[in-house]
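Survey of secondary and tertiary structure
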Amino acid sequence: MLLLYRIFYHSRLGKIRIVFGRLQVLSAAFMAFSHGSNDGQKFIGVFTLALVLGGILPEFNVPFWVILLCAATMGIGTALGGWKIIQTMGIRLTKLEPIHGFSAETSAALVIEAASRFGIPLSTTHTIGTSIMGVGSIQRFSAVRWGVAGEIVTAWVLTFPACGLIAYTVAKLIFYLS
């Protein structure tokens, strides 16, 4: 963001909005691609492992239909819940102009792609969320609504124990019923 500010320092705001409004289509596509390359791999791996452990697949070999099913599921989930996340991240957390969205999406996508190439699983939501917080704080520190940021981080922290509790309950229930 600082580099973009330096490059476009003398440019008219209207021109910057137009240029980055168009460029943001590319950065959003890059972000979507990186999201699939990292989160998609995790989803496909867990799903295939469940098929192997359940005796449906004889060995850990990812069938093409699993890739298609996981891609469709991620696409549907994003289509159904994506606007709520966009509203929280792009309006409630901090107000983003196209140049800010471009910067946050591009930097987050680069980090996610690098992690994917090294086989490092990470959270796309955490990566884009912190990128948006960084872009917002570059404008001025108070541009980020830190109370909203705290709610987001609290949800991130509580996700792990909540998922563990749900998994434990389902496992106990299955054990009890069998």
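First, a word on scope: everything that follows refers to the structure included in this document. Values in this document were obtained by computation on a predicted structure and should not be read as measured data.

**What about the packing of aromatic side chains?**
Applying the stated criterion across every chain, the model contains four aromatic pairs. Taken together, the ring pairs connect Phe8, Phe20 and Phe102 into an aromatic cluster.

**Quick notes on the packing of helix α5 (residues 124-139) against helix α6 (residues 146-177)**
Where α5 contacts α6, the two axes come as close as 12 Å, and the packing angle between them is 165 degrees. Compared by their axis directions, α5 and α6 come out roughly antiparallel. Seen from above, α5 lies across α6 with left-handed handedness. Each of Thr125, His126, Thr130, Met133 and Ser137 in α5 lies in contact with α6, whose residues at this interface are Trp146, Ala149 and Trp156. Counted by class, the contact of α5 with α6 contains four nonpolar, four polar and no charged residues.

**Some words on the environment of Leu51**
Mapping Leu51 onto the fold places it in helix α2 (residues 13-53). Relative accessible area serves as the criterion here: at 9%, Leu51 is assigned to the buried category. Spatially, the C-alpha atom of Leu51 lies 28 Å from that of Trp156, the residues being 105 residues apart in sequence. In contact with Leu51, other than residues within four places in its own chain, are Ile56, Leu57, Trp65 and Val66.

**Remarks on a nonpolar patch on the surface**
A cluster of nonpolar side chains, contributed by Leu49, Leu53, Phe60, Val62, Phe64, Ile67 and Leu68, occupies part of the molecular surface with about 690 Å² of accessible area. Mapped by element, the contributors of at least two residues to the nonpolar patch are α2 and α3 (64-93). Checked against the element boundaries, Phe64 lands in helix α3.

**Notes on the side chain of Thr48**
By the secondary structure assignment, Thr48 is in helix α2. Exposure remark for Thr48: the relative accessible area of 0% places this residue in the buried category. A distance of 2.8 Å separates a polar side-chain atom of Thr48 from the backbone oxygen of Ile44.

So, how was this worked out
- Residues numbered from 1 in each chain as written.
- Predicted model: local features only at pLDDT ≥ 70, side-chain atom pairs only at ≥ 80, totals over all residues.
- Heavy atoms only, no water.
- Phe/Tyr/Trp six-rings, centres within 6.5 Å; stacked < 30°, edge-to-face > 60°.
- Axes fitted to C-alpha atoms, helices over the stretch in contact; angles between N-to-C directions.
- Helix = DSSP H or I, 4+ residues; strand = E, 2+ residues; numbered from the N terminus.
- Parallel < 35°, antiparallel > 145°, perpendicular 65-115°, else oblique.
- Left-handed = near helix turned anticlockwise from the far one by under 90°.
- Contact = heavy atoms within 4.5 Å.
- Nonpolar A, V, L, I, M, F, W, Y, C, P; charged D, E, K, R; others polar.
- Buried < 20%, exposed > 50% of the residue type's maximum accessible area, 1.4 Å probe, protein only.
- Patch = residues over 30% accessible without salt bridge, like charges linked within 9 Å, V, L, I, M, F, W, Y side chains within 5 Å.
- Areas by Shrake-Rupley, 256 points an atom, 1.4 Å probe, with all protein chains shown as cover.
- Salt bridge = Lys/Arg side-chain N within 4 Å of Asp/Glu carboxyl O.
- Polar contact = N/O pair within 3.5 Å; in protein donor to acceptor, adjacent residues only side chain to side chain.

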